[in-house]
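Working through the structure, step by step
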Amino acid sequence: MPRRTRNAARRAPGASRAALVARGVAISLVTGLALAATLTACTAPAKNGEAMTGIVPAPISADYPDRAPFTLEQNSRLVAKGEGAAAVAETFGALARVSTGFGLPVVDGADGADAAASDIAFVVAAGEAPDGAAEGYTLESGSDGVRLAADTPAGLFRASQSLRQLLPAAIERTDAAKPPADGWTLPAASVADAPRFAYRGSMLDVARHFFPVEDVLDHIDRIALLKLNVLHLHLTDDQGWRIQIDSWPELTAAGATTSVGGDGGGFYTKDDYRRIVEYAAERFVTVVPEVDLPGHTNAALHAYPELNCDGVAPKPYEGMEVGFSSLCASPERAEATDRFLADVTRELAEMTPGPWLHVGGDESLATPQADYLDLVRRITAAGAATGKTLIGWHEMGASRELPAGTVGQYWSYVEPQEDAAELTTSFVEQGGSVILSPADVAYLDMKYPDDPDGPLGSKLGLTWADGPTTLEEAYGWEPTAIVPGLAEADILGVEAPLWTETIAAAPDLEYMVFPRIAAIAEIAWSPAPSASALAEGRPVTDGGARDLDSFHGRLASLGAHLDALGVSYRKVGGVPWVD
Ligand code: TNX
(Lines give C-alpha, C1' and ligand atoms only; values in the text may rest on other atoms or scores of the structure.)
Protein backbone atom coordinates (compact mmCIF):
# COMPACT_ATOMS: atom_id res chain seq x y z
CA MET A 1 0.00 0.00 0.00
CA PRO A 2 1.19 3.50 -0.63
CA ARG A 3 2.47 5.14 2.46
CA ARG A 4 1.77 8.58 3.53
CA THR A 5 4.20 10.99 1.97
CA ARG A 6 5.09 14.35 3.24
CA ASN A 7 6.22 16.76 0.76
CA ALA A 8 9.08 19.05 0.53
CA ALA A 9 7.45 22.05 -1.06
CA ARG A 10 7.55 25.00 1.23
CA ARG A 11 4.25 26.04 2.76
CA ALA A 12 3.58 29.71 2.81
CA PRO A 13 1.33 31.00 5.53
CA GLY A 14 -2.15 31.47 4.12
CA ALA A 15 -2.17 35.02 5.39
CA SER A 16 0.59 36.08 3.08
CA ARG A 17 -1.29 34.80 0.09
CA ALA A 18 -4.48 36.34 1.42
CA ALA A 19 -2.73 39.66 1.73
CA LEU A 20 -1.54 39.50 -1.84
CA VAL A 21 -4.96 39.25 -3.28
CA ALA A 22 -7.46 41.95 -4.17
CA ARG A 23 -10.44 42.23 -1.92
CA GLY A 24 -14.06 43.10 -2.10
CA VAL A 25 -15.47 40.74 -4.68
CA ALA A 26 -19.16 40.21 -4.15
CA ILE A 27 -20.49 36.76 -3.49
CA SER A 28 -22.49 35.34 -6.26
CA LEU A 29 -24.57 32.28 -5.69
CA VAL A 30 -26.16 30.72 -8.62
CA THR A 31 -28.47 28.03 -9.62
CA GLY A 32 -27.20 24.98 -11.37
CA LEU A 33 -28.12 24.33 -14.93
CA ALA A 34 -29.31 21.10 -16.35
CA LEU A 35 -27.25 20.92 -19.48
CA ALA A 36 -27.77 17.93 -21.68
CA ALA A 37 -24.14 17.13 -21.86
CA THR A 38 -21.88 14.59 -23.29
CA LEU A 39 -18.37 14.50 -22.10
CA THR A 40 -15.70 14.69 -24.71
CA ALA A 41 -12.12 13.63 -24.18
CA CYS A 42 -10.98 15.04 -20.88
CA THR A 43 -7.44 13.92 -20.91
CA ALA A 44 -4.85 15.90 -22.75
CA PRO A 45 -1.33 14.96 -23.68
CA ALA A 46 1.35 14.86 -21.03
CA LYS A 47 2.63 18.29 -20.13
CA ASN A 48 6.16 19.19 -19.19
CA GLY A 49 6.98 15.58 -18.50
CA GLU A 50 4.75 15.66 -15.42
CA ALA A 51 1.40 13.98 -15.69
CA MET A 52 -1.51 13.57 -17.98
CA THR A 53 -3.43 16.76 -17.68
CA GLY A 54 -7.12 17.38 -17.32
CA ILE A 55 -9.55 19.14 -15.05
CA VAL A 56 -11.15 17.99 -11.78
CA PRO A 57 -14.13 18.11 -11.60
CA ALA A 58 -14.70 16.99 -15.19
CA PRO A 59 -16.12 19.78 -17.36
CA ILE A 60 -19.15 19.33 -19.62
CA SER A 61 -16.77 19.24 -22.55
CA ALA A 62 -13.03 19.61 -22.91
CA ASP A 63 -11.09 19.24 -26.13
CA TYR A 64 -7.33 19.36 -26.35
CA PRO A 65 -6.63 19.72 -30.08
CA ASP A 66 -3.18 18.90 -31.36
CA ARG A 67 -2.16 22.52 -31.88
CA ALA A 68 0.63 24.72 -30.58
CA PRO A 69 0.24 25.54 -26.88
CA PHE A 70 -0.04 28.93 -25.21
CA THR A 71 3.00 30.19 -23.34
CA LEU A 72 2.77 32.49 -20.35
CA GLU A 73 5.84 34.74 -20.38
CA GLN A 74 7.54 37.82 -19.01
CA ASN A 75 5.39 40.22 -21.08
CA SER A 76 2.05 38.49 -20.57
CA ARG A 77 -0.79 40.65 -19.33
CA LEU A 78 -4.15 39.82 -17.78
CA VAL A 79 -6.64 41.74 -19.89
CA ALA A 80 -9.92 42.24 -18.01
CA LYS A 81 -13.20 43.18 -19.67
CA GLY A 82 -16.60 43.55 -18.04
CA GLU A 83 -17.81 44.15 -14.51
CA GLY A 84 -15.94 42.12 -11.90
CA ALA A 85 -13.40 40.71 -14.38
CA ALA A 86 -10.44 42.68 -13.02
CA ALA A 87 -10.86 41.31 -9.49
CA VAL A 88 -10.87 37.72 -10.79
CA ALA A 89 -7.82 38.43 -12.95
CA GLU A 90 -6.08 39.93 -9.92
CA THR A 91 -6.75 36.84 -7.78
CA PHE A 92 -5.18 34.69 -10.49
CA GLY A 93 -2.34 37.20 -10.91
CA ALA A 94 -1.52 37.13 -7.21
CA LEU A 95 -1.05 33.36 -7.41
CA ALA A 96 0.88 33.23 -10.67
CA ARG A 97 3.19 36.18 -9.99
CA VAL A 98 4.71 34.45 -6.97
CA SER A 99 5.69 31.24 -8.79
CA THR A 100 6.54 32.68 -12.24
CA GLY A 101 8.17 35.89 -11.11
CA PHE A 102 6.39 37.64 -14.02
CA GLY A 103 4.70 41.02 -13.54
CA LEU A 104 1.36 39.89 -15.05
CA PRO A 105 -0.30 43.31 -14.81
CA VAL A 106 -4.09 43.46 -14.89
CA VAL A 107 -5.03 45.88 -17.65
CA ASP A 108 -8.44 47.18 -18.58
CA GLY A 109 -9.59 45.70 -21.87
CA ALA A 110 -12.31 48.31 -22.15
CA ASP A 111 -9.59 50.95 -22.57
CA GLY A 112 -8.67 49.49 -25.92
CA ALA A 113 -6.07 47.03 -24.69
CA ASP A 114 -6.69 44.19 -27.09
CA ALA A 115 -5.38 40.87 -25.87
CA ALA A 116 -2.13 39.83 -27.57
CA ALA A 117 -0.96 36.27 -28.22
CA SER A 118 0.94 36.27 -24.93
CA ASP A 119 -2.02 37.59 -22.89
CA ILE A 120 -4.85 35.99 -20.95
CA ALA A 121 -8.22 37.68 -21.49
CA PHE A 122 -10.71 37.60 -18.61
CA VAL A 123 -14.15 38.48 -19.97
CA VAL A 124 -17.50 38.98 -18.21
CA ALA A 125 -20.31 39.56 -20.72
CA ALA A 126 -23.83 38.36 -21.39
CA GLY A 127 -24.10 35.26 -23.53
CA GLU A 128 -20.61 33.88 -22.85
CA ALA A 129 -21.39 30.90 -20.59
CA PRO A 130 -23.02 27.73 -21.94
CA ASP A 131 -26.79 28.39 -21.78
CA GLY A 132 -26.06 31.48 -19.69
CA ALA A 133 -25.34 29.37 -16.58
CA ALA A 134 -24.39 31.72 -13.75
CA GLU A 135 -21.26 29.77 -12.82
CA GLY A 136 -20.66 28.48 -16.33
CA TYR A 137 -17.74 29.53 -18.51
CA THR A 138 -15.70 28.84 -21.60
CA LEU A 139 -11.94 28.56 -21.83
CA GLU A 140 -10.06 28.73 -25.15
CA SER A 141 -6.31 28.53 -25.37
CA GLY A 142 -3.72 28.25 -28.10
CA SER A 143 -0.68 29.98 -29.51
CA ASP A 144 -2.86 33.04 -30.21
CA GLY A 145 -3.69 33.59 -26.54
CA VAL A 146 -6.06 32.51 -23.81
CA ARG A 147 -9.63 33.67 -23.37
CA LEU A 148 -11.70 32.93 -20.28
CA ALA A 149 -15.30 34.08 -20.57
CA ALA A 150 -18.43 33.94 -18.44
CA ASP A 151 -21.70 35.74 -17.80
CA THR A 152 -20.77 36.43 -14.18
CA PRO A 153 -17.63 37.03 -12.13
CA ALA A 154 -18.35 33.72 -10.34
CA GLY A 155 -18.27 31.87 -13.66
CA LEU A 156 -15.07 33.66 -14.62
CA PHE A 157 -13.49 32.64 -11.32
CA ARG A 158 -14.41 28.98 -11.97
CA ALA A 159 -12.75 29.34 -15.40
CA SER A 160 -9.61 30.64 -13.72
CA GLN A 161 -9.45 27.48 -11.58
CA SER A 162 -9.51 25.34 -14.74
CA LEU A 163 -6.73 27.56 -16.08
CA ARG A 164 -4.79 26.97 -12.87
CA GLN A 165 -5.14 23.19 -13.23
CA LEU A 166 -4.09 23.18 -16.90
CA LEU A 167 -0.91 25.17 -16.23
CA PRO A 168 2.19 23.35 -14.96
CA ALA A 169 1.74 22.35 -11.32
CA ALA A 170 4.62 24.62 -10.30
CA ILE A 171 2.22 27.54 -10.83
CA GLU A 172 0.95 26.71 -7.31
CA ARG A 173 4.27 27.20 -5.63
CA THR A 174 4.33 29.80 -2.92
CA ASP A 175 7.96 30.60 -3.62
CA ALA A 176 9.63 31.54 -6.91
CA ALA A 177 9.58 28.29 -8.87
CA LYS A 178 12.18 27.02 -11.30
CA PRO A 179 10.48 27.43 -14.70
CA PRO A 180 9.25 24.07 -16.04
CA ALA A 181 11.40 22.58 -18.81
CA ASP A 182 8.90 23.50 -21.54
CA GLY A 183 8.12 26.90 -20.03
CA TRP A 184 4.85 28.00 -18.47
CA THR A 185 2.76 26.40 -21.18
CA LEU A 186 -0.93 25.66 -21.35
CA PRO A 187 -2.09 23.06 -23.88
CA ALA A 188 -4.32 24.19 -26.72
CA ALA A 189 -7.75 23.66 -25.18
CA SER A 190 -11.41 24.31 -25.73
CA VAL A 191 -13.54 23.92 -22.61
CA ALA A 192 -17.27 24.59 -22.07
CA ASP A 193 -18.51 24.08 -18.56
CA ALA A 194 -21.21 24.70 -15.94
CA PRO A 195 -22.12 23.08 -12.61
CA ARG A 196 -24.78 20.46 -12.04
CA PHE A 197 -25.67 21.56 -8.47
CA ALA A 198 -25.79 25.10 -7.04
CA TYR A 199 -24.44 24.14 -3.58
CA ARG A 200 -21.12 22.33 -3.51
CA GLY A 201 -19.82 22.26 0.03
CA SER A 202 -16.97 21.35 2.32
CA MET A 203 -17.66 21.26 6.07
CA LEU A 204 -14.98 21.76 8.72
CA ASP A 205 -15.73 20.88 12.34
CA VAL A 206 -13.69 23.52 14.16
CA ALA A 207 -15.40 22.65 17.47
CA ARG A 208 -13.96 19.21 18.31
CA HIS A 209 -10.57 20.64 17.45
CA PHE A 210 -9.94 24.29 16.70
CA PHE A 211 -8.16 25.29 13.49
CA PRO A 212 -6.48 28.70 13.25
CA VAL A 213 -7.57 31.20 10.59
CA GLU A 214 -4.53 30.48 8.39
CA ASP A 215 -5.48 26.80 8.14
CA VAL A 216 -9.00 27.73 7.14
CA LEU A 217 -7.75 30.15 4.46
CA ASP A 218 -5.49 27.44 3.02
CA HIS A 219 -8.45 25.07 2.97
CA ILE A 220 -10.63 27.63 1.17
CA ASP A 221 -8.03 28.09 -1.56
CA ARG A 222 -7.83 24.34 -2.13
CA ILE A 223 -11.57 23.70 -2.23
CA ALA A 224 -11.94 26.63 -4.65
CA LEU A 225 -9.48 24.82 -6.94
CA LEU A 226 -12.12 22.05 -7.10
CA LYS A 227 -14.92 24.55 -7.86
CA LEU A 228 -16.59 24.00 -4.48
CA ASN A 229 -18.52 27.11 -3.52
CA VAL A 230 -19.55 26.64 0.13
CA LEU A 231 -17.50 26.39 3.32
CA HIS A 232 -19.73 25.18 6.16
CA LEU A 233 -18.11 25.89 9.53
CA HIS A 234 -19.39 23.70 12.38
CA LEU A 235 -18.66 26.38 14.98
CA THR A 236 -20.10 24.94 18.18
CA ASP A 237 -20.34 21.56 19.85
CA ASP A 238 -20.04 19.92 23.25
CA GLN A 239 -16.27 20.34 23.29
CA GLY A 240 -16.03 24.01 22.37
CA TRP A 241 -17.76 27.24 21.30
CA ARG A 242 -15.60 28.82 18.60
CA ILE A 243 -17.21 32.12 17.62
CA GLN A 244 -17.27 35.43 19.48
CA ILE A 245 -20.79 36.51 20.49
CA ASP A 246 -20.62 39.96 22.13
CA SER A 247 -23.87 39.69 24.07
CA TRP A 248 -22.88 36.31 25.59
CA PRO A 249 -19.14 36.73 26.25
CA GLU A 250 -18.78 33.62 28.46
CA LEU A 251 -19.52 31.43 25.43
CA THR A 252 -15.94 31.98 24.35
CA ALA A 253 -14.40 33.06 27.70
CA ALA A 254 -15.50 29.81 29.38
CA GLY A 255 -16.69 27.68 26.47
CA ALA A 256 -13.74 27.85 24.08
CA THR A 257 -10.81 26.67 26.17
CA THR A 258 -11.27 22.94 25.61
CA SER A 259 -11.31 20.43 22.77
CA VAL A 260 -11.31 16.64 22.33
CA GLY A 261 -8.50 14.98 24.23
CA GLY A 262 -7.37 18.08 26.11
CA ASP A 263 -5.64 19.57 23.07
CA GLY A 264 -6.42 23.15 24.09
CA GLY A 265 -9.00 25.47 22.64
CA GLY A 266 -9.45 28.59 20.60
CA PHE A 267 -12.12 30.66 18.92
CA TYR A 268 -12.59 33.13 16.08
CA THR A 269 -13.02 36.78 16.97
CA LYS A 270 -15.46 38.66 14.79
CA ASP A 271 -12.48 40.09 12.89
CA ASP A 272 -11.08 36.58 12.34
CA TYR A 273 -14.44 35.44 11.04
CA ARG A 274 -14.73 38.44 8.71
CA ARG A 275 -11.26 37.65 7.36
CA ILE A 276 -12.39 34.12 6.55
CA VAL A 277 -15.59 35.40 4.93
CA GLU A 278 -13.67 37.93 2.80
CA TYR A 279 -11.01 35.49 1.66
CA ALA A 280 -13.76 33.03 0.76
CA ALA A 281 -15.73 35.70 -1.12
CA GLU A 282 -12.68 36.49 -3.27
CA ARG A 283 -12.87 32.84 -4.36
CA PHE A 284 -16.67 32.90 -4.72
CA VAL A 285 -17.03 30.60 -1.74
CA THR A 286 -19.91 31.34 0.65
CA VAL A 287 -19.41 30.72 4.37
CA VAL A 288 -22.29 28.90 6.09
CA PRO A 289 -21.93 29.20 9.89
CA GLU A 290 -23.44 26.46 12.06
CA VAL A 291 -24.41 26.68 15.70
CA ASP A 292 -25.50 23.20 16.65
CA LEU A 293 -28.76 23.30 18.68
CA PRO A 294 -30.47 22.07 20.85
CA GLY A 295 -28.10 19.11 21.43
CA HIS A 296 -24.30 19.31 21.13
CA THR A 297 -24.44 22.26 23.51
CA ASN A 298 -22.31 21.30 26.51
CA ALA A 299 -19.86 24.17 25.93
CA ALA A 300 -22.70 26.74 26.01
CA LEU A 301 -24.37 25.04 28.99
CA HIS A 302 -21.02 25.12 30.81
CA ALA A 303 -20.63 28.85 30.08
CA TYR A 304 -24.16 29.85 31.22
CA PRO A 305 -25.79 27.98 34.16
CA GLU A 306 -29.12 29.72 33.40
CA LEU A 307 -29.45 27.68 30.20
CA ASN A 308 -29.63 24.45 32.24
CA CYS A 309 -32.92 23.07 33.60
CA ASP A 310 -31.34 22.59 37.05
CA GLY A 311 -29.44 25.88 36.89
CA VAL A 312 -26.14 24.06 37.38
CA ALA A 313 -23.37 24.37 34.80
CA PRO A 314 -21.96 21.03 33.62
CA LYS A 315 -18.21 20.46 33.52
CA PRO A 316 -16.33 21.08 30.28
CA TYR A 317 -16.32 18.04 28.02
CA GLU A 318 -13.27 16.67 26.18
CA GLY A 319 -14.52 13.21 25.19
CA MET A 320 -15.94 11.92 21.92
CA GLU A 321 -19.46 10.83 22.87
CA VAL A 322 -22.47 12.52 21.29
CA GLY A 323 -26.08 12.96 22.36
CA PHE A 324 -25.85 13.81 26.07
CA SER A 325 -26.43 17.59 26.19
CA SER A 326 -29.50 19.70 25.49
CA LEU A 327 -30.91 23.16 25.84
CA CYS A 328 -33.79 23.25 28.32
CA ALA A 329 -37.37 23.40 27.02
CA SER A 330 -38.90 24.18 30.41
CA PRO A 331 -40.90 27.46 30.78
CA GLU A 332 -38.67 28.50 33.73
CA ARG A 333 -35.72 28.72 31.33
CA ALA A 334 -37.70 30.17 28.42
CA GLU A 335 -36.62 33.79 28.93
CA ALA A 336 -32.88 32.98 29.03
CA THR A 337 -33.07 30.36 26.29
CA ASP A 338 -35.05 32.51 23.86
CA ARG A 339 -32.79 35.51 24.50
CA PHE A 340 -29.77 33.27 23.87
CA LEU A 341 -31.28 31.97 20.60
CA ALA A 342 -32.22 35.45 19.38
CA ASP A 343 -28.84 37.02 20.27
CA VAL A 344 -26.68 34.24 18.88
CA THR A 345 -28.52 33.92 15.57
CA ARG A 346 -28.71 37.73 15.19
CA GLU A 347 -24.98 38.30 15.78
CA LEU A 348 -24.05 35.40 13.55
CA ALA A 349 -26.34 36.60 10.76
CA GLU A 350 -24.93 40.14 11.07
CA MET A 351 -21.39 38.95 10.39
CA THR A 352 -22.42 36.57 7.61
CA PRO A 353 -23.13 38.05 4.16
CA GLY A 354 -24.19 34.70 2.67
CA PRO A 355 -27.86 33.67 2.58
CA TRP A 356 -27.67 30.67 4.93
CA LEU A 357 -27.55 29.94 8.64
CA HIS A 358 -27.15 26.33 9.83
CA VAL A 359 -28.85 25.62 13.17
CA GLY A 360 -27.85 21.99 13.64
CA GLY A 361 -30.59 19.78 15.06
CA ASP A 362 -28.71 16.46 14.92
CA GLU A 363 -28.39 13.74 17.53
CA SER A 364 -30.40 15.47 20.29
CA LEU A 365 -30.63 12.13 22.04
CA ALA A 366 -30.98 13.68 25.51
CA THR A 367 -33.96 15.84 24.48
CA PRO A 368 -37.42 14.29 24.86
CA GLN A 369 -39.18 14.40 21.46
CA ALA A 370 -41.86 16.89 22.59
CA ASP A 371 -39.14 19.19 23.94
CA TYR A 372 -37.14 18.72 20.74
CA LEU A 373 -40.07 19.85 18.60
CA ASP A 374 -40.70 22.82 20.90
CA LEU A 375 -37.04 23.83 20.83
CA VAL A 376 -36.77 23.39 17.05
CA ARG A 377 -39.77 25.69 16.66
CA ARG A 378 -38.10 28.34 18.83
CA ILE A 379 -34.65 27.89 17.26
CA THR A 380 -35.97 28.18 13.73
CA ALA A 381 -38.19 31.13 14.66
CA ALA A 382 -35.14 32.97 16.00
CA GLY A 383 -33.07 31.97 12.98
CA ALA A 384 -35.73 32.95 10.46
CA ALA A 385 -36.13 36.35 12.13
CA THR A 386 -32.62 37.19 10.91
CA GLY A 387 -33.80 36.93 7.31
CA LYS A 388 -31.49 34.02 6.50
CA THR A 389 -32.55 30.74 4.96
CA LEU A 390 -32.03 28.00 7.52
CA ILE A 391 -30.28 24.68 7.13
CA GLY A 392 -30.69 21.82 9.60
CA TRP A 393 -29.48 18.22 9.82
CA HIS A 394 -32.17 15.82 8.63
CA GLU A 395 -33.56 15.09 12.13
CA MET A 396 -35.11 18.58 12.04
CA GLY A 397 -37.55 17.25 9.43
CA ALA A 398 -39.50 15.85 12.40
CA SER A 399 -40.90 19.35 12.75
CA ARG A 400 -43.83 20.24 10.50
CA GLU A 401 -43.47 23.93 11.34
CA LEU A 402 -40.23 24.71 9.54
CA PRO A 403 -39.83 28.23 8.13
CA ALA A 404 -40.26 28.59 4.38
CA GLY A 405 -37.38 27.20 2.35
CA THR A 406 -35.56 25.45 5.22
CA VAL A 407 -32.93 23.12 3.79
CA GLY A 408 -32.38 19.61 5.18
CA GLN A 409 -28.90 18.09 5.30
CA TYR A 410 -29.03 14.30 4.92
CA TRP A 411 -26.32 12.37 6.76
CA SER A 412 -27.60 8.81 6.78
CA TYR A 413 -26.15 6.20 4.40
CA VAL A 414 -26.47 5.64 0.65
CA GLU A 415 -29.09 3.10 1.82
CA PRO A 416 -31.19 5.27 4.17
CA GLN A 417 -31.29 3.96 7.75
CA GLU A 418 -34.36 4.03 10.02
CA ASP A 419 -36.55 7.04 9.22
CA ALA A 420 -33.85 9.22 7.61
CA ALA A 421 -35.52 9.23 4.18
CA GLU A 422 -38.91 10.37 5.57
CA LEU A 423 -37.31 13.04 7.75
CA THR A 424 -35.45 14.35 4.70
CA THR A 425 -38.48 14.32 2.42
CA SER A 426 -40.28 16.41 5.04
CA PHE A 427 -38.11 19.43 4.14
CA VAL A 428 -39.18 19.17 0.49
CA GLU A 429 -42.84 18.72 1.47
CA GLN A 430 -42.54 21.98 3.40
CA GLY A 431 -41.15 23.84 0.40
CA GLY A 432 -37.44 23.42 1.11
CA SER A 433 -34.64 21.48 -0.52
CA VAL A 434 -31.93 19.01 0.44
CA ILE A 435 -28.14 18.81 0.74
CA LEU A 436 -26.76 15.28 0.54
CA SER A 437 -23.90 14.17 2.80
CA PRO A 438 -24.30 10.39 3.01
CA ALA A 439 -21.94 9.43 5.80
CA ASP A 440 -20.72 6.12 4.32
CA VAL A 441 -19.37 7.86 1.20
CA ALA A 442 -19.11 11.60 1.91
CA TYR A 443 -17.82 11.78 5.51
CA LEU A 444 -14.15 12.59 5.16
CA ASP A 445 -13.41 11.57 8.75
CA MET A 446 -13.99 7.92 7.86
CA LYS A 447 -10.68 6.06 7.75
CA TYR A 448 -9.03 5.04 4.52
CA PRO A 449 -8.65 1.27 4.15
CA ASP A 450 -5.30 -0.19 5.22
CA ASP A 451 -4.19 2.95 6.94
CA PRO A 452 -0.49 2.90 7.55
CA ASP A 453 0.84 2.74 11.07
CA GLY A 454 2.74 5.93 10.44
CA PRO A 455 2.96 8.79 12.88
CA LEU A 456 -0.45 10.11 11.90
CA GLY A 457 -2.28 7.50 9.86
CA SER A 458 -3.14 4.99 12.53
CA LYS A 459 -4.85 7.40 14.88
CA LEU A 460 -6.78 9.36 12.28
CA GLY A 461 -10.39 8.80 11.46
CA LEU A 462 -13.41 6.81 12.59
CA THR A 463 -15.19 3.80 11.10
CA TRP A 464 -18.78 3.99 12.40
CA ALA A 465 -20.34 4.88 9.01
CA ASP A 466 -19.60 1.58 7.33
CA GLY A 467 -15.97 2.66 7.14
CA PRO A 468 -13.27 2.55 6.00
CA THR A 469 -14.19 4.49 2.86
CA THR A 470 -12.22 4.16 -0.37
CA LEU A 471 -11.75 6.87 -2.97
CA GLU A 472 -13.86 4.78 -5.32
CA GLU A 473 -16.73 4.59 -2.79
CA ALA A 474 -16.58 8.36 -2.37
CA TYR A 475 -16.82 8.63 -6.19
CA GLY A 476 -19.39 5.92 -6.91
CA TRP A 477 -22.72 7.28 -5.67
CA GLU A 478 -25.48 9.31 -7.24
CA PRO A 479 -27.37 12.08 -5.39
CA THR A 480 -30.77 11.37 -6.98
CA ALA A 481 -30.60 7.66 -6.09
CA ILE A 482 -30.55 7.95 -2.27
CA VAL A 483 -33.78 9.36 -0.87
CA PRO A 484 -36.75 7.87 -2.77
CA GLY A 485 -38.90 10.51 -4.40
CA LEU A 486 -36.28 13.26 -4.44
CA ALA A 487 -36.02 14.87 -7.86
CA GLU A 488 -32.94 16.61 -9.22
CA ALA A 489 -34.62 19.97 -8.58
CA ASP A 490 -35.19 19.10 -4.89
CA ILE A 491 -31.46 18.70 -4.39
CA LEU A 492 -29.70 21.95 -3.59
CA GLY A 493 -26.37 20.19 -3.62
CA VAL A 494 -23.78 17.96 -2.05
CA GLU A 495 -21.41 18.46 0.88
CA ALA A 496 -18.44 16.55 2.31
CA PRO A 497 -18.14 17.04 6.10
CA LEU A 498 -14.90 16.64 8.03
CA TRP A 499 -15.58 15.92 11.70
CA THR A 500 -12.47 16.41 13.79
CA GLU A 501 -12.64 14.26 16.91
CA THR A 502 -9.40 12.55 15.75
CA ILE A 503 -8.02 15.38 13.64
CA ALA A 504 -6.03 18.01 15.48
CA ALA A 505 -3.78 19.81 13.00
CA ALA A 506 -3.60 20.91 9.37
CA PRO A 507 -1.60 17.93 7.99
CA ASP A 508 -4.16 15.52 9.50
CA LEU A 509 -6.95 17.53 7.95
CA GLU A 510 -5.28 17.51 4.54
CA TYR A 511 -4.64 13.79 4.74
CA MET A 512 -8.29 12.96 5.42
CA VAL A 513 -9.76 15.51 2.99
CA PHE A 514 -7.58 14.90 -0.07
CA PRO A 515 -8.07 13.20 -2.43
CA ARG A 516 -11.58 12.03 -1.46
CA ILE A 517 -13.04 15.54 -1.59
CA ALA A 518 -12.19 15.61 -5.30
CA ALA A 519 -14.61 12.70 -5.80
CA ILE A 520 -17.36 14.61 -4.00
CA ALA A 521 -16.59 17.76 -6.01
CA GLU A 522 -16.96 15.82 -9.26
CA ILE A 523 -20.35 14.42 -8.16
CA ALA A 524 -21.47 17.94 -7.26
CA TRP A 525 -20.18 19.71 -10.39
CA SER A 526 -19.93 17.35 -13.35
CA PRO A 527 -22.82 16.35 -15.64
CA ALA A 528 -25.27 13.73 -14.38
CA PRO A 529 -24.71 10.17 -15.55
CA SER A 530 -26.91 9.10 -18.46
CA ALA A 531 -30.48 8.04 -17.73
CA SER A 532 -29.67 4.46 -18.78
CA ALA A 533 -26.65 4.26 -16.43
CA LEU A 534 -28.83 5.59 -13.61
CA ALA A 535 -31.65 3.18 -14.41
CA GLU A 536 -29.13 0.38 -14.03
CA GLY A 537 -27.88 1.88 -10.76
CA ARG A 538 -24.39 2.44 -12.19
CA PRO A 539 -23.36 6.09 -11.99
CA VAL A 540 -19.76 5.19 -12.80
CA THR A 541 -19.49 3.87 -16.36
CA ASP A 542 -16.72 3.50 -18.92
CA GLY A 543 -16.65 6.54 -21.13
CA GLY A 544 -19.65 8.13 -19.39
CA ALA A 545 -19.89 11.38 -17.48
CA ARG A 546 -18.26 9.67 -14.53
CA ASP A 547 -15.47 7.45 -15.80
CA LEU A 548 -13.15 6.06 -13.14
CA ASP A 549 -10.07 5.79 -15.37
CA SER A 550 -10.50 9.36 -16.51
CA PHE A 551 -11.00 10.47 -12.90
CA HIS A 552 -7.89 8.63 -11.71
CA GLY A 553 -5.81 10.18 -14.53
CA ARG A 554 -7.05 13.70 -13.89
CA LEU A 555 -6.57 13.21 -10.16
CA ALA A 556 -2.90 12.37 -10.72
CA SER A 557 -2.54 15.71 -12.46
CA LEU A 558 -4.32 17.44 -9.58
CA GLY A 559 -1.97 15.60 -7.19
CA ALA A 560 0.99 17.38 -8.76
CA HIS A 561 -0.73 20.68 -7.97
CA LEU A 562 -1.41 19.58 -4.39
CA ASP A 563 2.27 18.61 -4.09
CA ALA A 564 3.30 22.07 -5.26
CA LEU A 565 0.93 23.59 -2.68
CA GLY A 566 2.48 21.46 0.07
CA VAL A 567 -0.75 19.56 0.80
CA SER A 568 -0.19 16.33 2.79
CA TYR A 569 -2.71 14.21 0.91
CA ARG A 570 -3.10 10.44 1.04
CA LYS A 571 -1.64 8.86 -2.09
CA VAL A 572 -4.28 6.15 -2.33
CA GLY A 573 -3.69 3.15 -4.57
CA GLY A 574 -5.18 3.02 -8.08
CA VAL A 575 -4.17 6.56 -9.02
CA PRO A 576 -1.09 7.05 -11.23
CA TRP A 577 0.39 9.69 -8.91
CA VAL A 578 3.45 11.48 -10.23
CA ASP A 579 6.56 11.33 -8.08
C1 TNX B 1 -21.95 12.26 13.56
S2 TNX B 1 -23.84 12.97 11.57
C3 TNX B 1 -22.13 13.58 13.89
C4 TNX B 1 -21.04 14.31 14.52
C5 TNX B 1 -19.83 13.46 14.71
C6 TNX B 1 -19.64 12.55 13.52
C7 TNX B 1 -18.39 11.75 13.54
C8 TNX B 1 -23.92 14.27 12.43
C9 TNX B 1 -24.78 15.29 11.95
N10 TNX B 1 -23.23 14.34 13.57
O11 TNX B 1 -21.48 14.87 15.73
O12 TNX B 1 -18.74 14.31 14.85
O13 TNX B 1 -20.74 11.69 13.46
O14 TNX B 1 -18.22 11.06 12.35
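Structure: see above.
Before going into details, it helps to say that this report is about the structure given with it. (Residues numbered from 1 in each chain as written. Predicted model: local features only at pLDDT ≥ 70, side-chain atom pairs only at ≥ 80, totals over all residues. Heavy atoms only, no water.)

**Section: the sheet that holds strand E16 (residues 286-293)**
Reading around the barrel, the 8 strands line up as E12-E13-E16-E17-E18-E19-E20-E21 and close back on themselves, with parallel pairing between neighbours. Recorded for the sheet is a direction-independent mean angle of 25° between the axes of neighbouring strands. Taken together, the 3 bridges between strand E19 (residues 407-410) and strand E20 (residues 434-436) define a ladder with parallel strand orientation. The residue of E20 that forms the bridge with Gln 409 is Ile 435. Along the sheet, helix H10 (residues 420-429) contacts strand E18 (389-393), E19 and E20; its crossing angle with E19, the most-contacted strand, is approximately 160°. (Pairing = 2+ DSSP bridges. Helix = DSSP H or I, 4+ residues; strand = E, 2+ residues; numbered from the N terminus. Axes fitted to C-alpha atoms, helices over the stretch in contact; angles between N-to-C directions. Contact = heavy atoms within 4.5 Å.)

**Focus on the site of the ligand**
Around the ligand lies a shell of 14 residues, among which Arg 208, Tyr 443, Asp 445, Trp 464 and Glu 501 are the nearest. Here an oxygen atom of the ligand sits 2.6 Å away from a polar atom, N or O, in the side chain of Asp 445. With respect to the ligand, the side chain of Trp 464 contributes an N or O atom lying 2.7 Å from an oxygen atom. Considered class by class, the residues forming the shell around the ligand number 8 nonpolar, 1 polar and 5 charged. (Near = heavy atom within 4 Å. Polar contact = N/O pair within 3.5 Å; in protein donor to acceptor, adjacent residues only side chain to side chain. Nonpolar A, V, L, I, M, F, W, Y, C, P; charged D, E, K, R; others polar.)

**Points about unusual backbone geometry**
A cis amide bond, omega 0°, links Val 56 with the succeeding residue Pro 57. Within the secondary structure, Pro 57 is located in the loop between strand E2 (51-53) and strand E3 (61-63). Here the amide bond leading from Phe 514 into Pro 515 is cis, since omega sits at 15°, within 30 degrees of zero. Residue placement: Pro 515 occurs in the loop between helix H13 (506-513) and helix H14 (516-525). A positive phi is found at Glu 363, a non-glycine position, where the angle reads about 45°. The topology assignment puts Glu 363 in the loop between strand E17 (356-360) and helix H9 (369-384). Despite not being glycine, Glu 418 has its phi angle at roughly 45°, a positive value. Among the secondary structure elements, Glu 418 is positioned in the loop between E19 and H10. Glu 418 gets classed as exposed once you look at its relative accessible area, which sits at 80%. (Buried < 20%, exposed > 50% of the residue type's maximum accessible area, 1.4 Å probe, protein only.)

None of this, on its own, says anything about what the molecule does.
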